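One-letter residues, chain by chain:
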Amino acid sequence: MNEFLHTHWQDLLAWGVILLLFLFLRNRSSRIEGLDAVLGQGEPVVVEVFSNT
């Protein structure tokens, strides 16, 4: 196990960074009730609607 980590530490670090960036930058779902508050701020907004039905 120690030899594996010594050999592949850069690969594991790269995958860890990719995972952290994904978790940090992903879109989070929000309730539709909060839409008016977001739209009322006067800044451009991208609204993405997804229906799982």
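Refer to the structure presented above.
These notes cover the structure that comes with them. (Residues numbered from 1 in each chain as written. Predicted model: local features only at pLDDT ≥ 70, side-chain atom pairs only at ≥ 80, totals over all residues. Heavy atoms only, no water.)

1. A short note on the overall build of the protein
- When its secondary structure is counted, the protein shows two helices and zero strands.
- A globule of 53 residues ought to have a C-alpha radius of gyration of about 10 Å, yet the protein, at 20 Å, is considerably larger.
- Principal-axis analysis of the C-alpha atoms gives the protein an extent of 55 × 30 × 15 Å.
- Looking at the protein as a whole, 0% of its 53 residues are labelled buried. (Helix = DSSP H or I, 4+ residues; strand = E, 2+ residues; numbered from the N terminus. Rg over C-alpha atoms; globule rule 2.2 N^0.38 Å. Buried < 20%, exposed > 50% of the residue type's maximum accessible area, 1.4 Å probe, protein only.)

2. What about helix H1 (residues 2-25)?
- The end-to-end C-alpha distance of H1, which contains 24 residues, comes to 32 Å, matching closely the 34 Å that a straight helix rising 1.5 Å per residue would cover.
- Considering bend angle alone, the principal kink of H1 is centred on His8 and spans about 70°. (Expected span 1.5 Å × (residues − 1). Bend = angle between axes of the 7 residues up to and from the residue.)

3. Re a nonpolar patch on the surface
- A contiguous nonpolar surface patch, about 670 Å² in accessible area, is contributed by Trp9, Leu13, Val17, Leu21, Phe24 and Leu25.
- Mapping Phe24 onto the fold places it in helix H1.
- Here Phe24 falls in the exposed class, since its relative accessible area comes to 62%. (Patch = residues over 30% accessible without salt bridge, like charges linked within 9 Å, V, L, I, M, F, W, Y side chains within 5 Å. Areas by Shrake-Rupley, 256 points an atom, 1.4 Å probe, with all protein chains shown as cover. Salt bridge = Lys/Arg side-chain N within 4 Å of Asp/Glu carboxyl O.)

4. Comments concerning the environment of Glu3
- Within the secondary structure, Glu3 is located in helix H1.
- Sequence separation of Glu3 and Val17 is 14 residues, and the distance between their C-alpha atoms is 22 Å.

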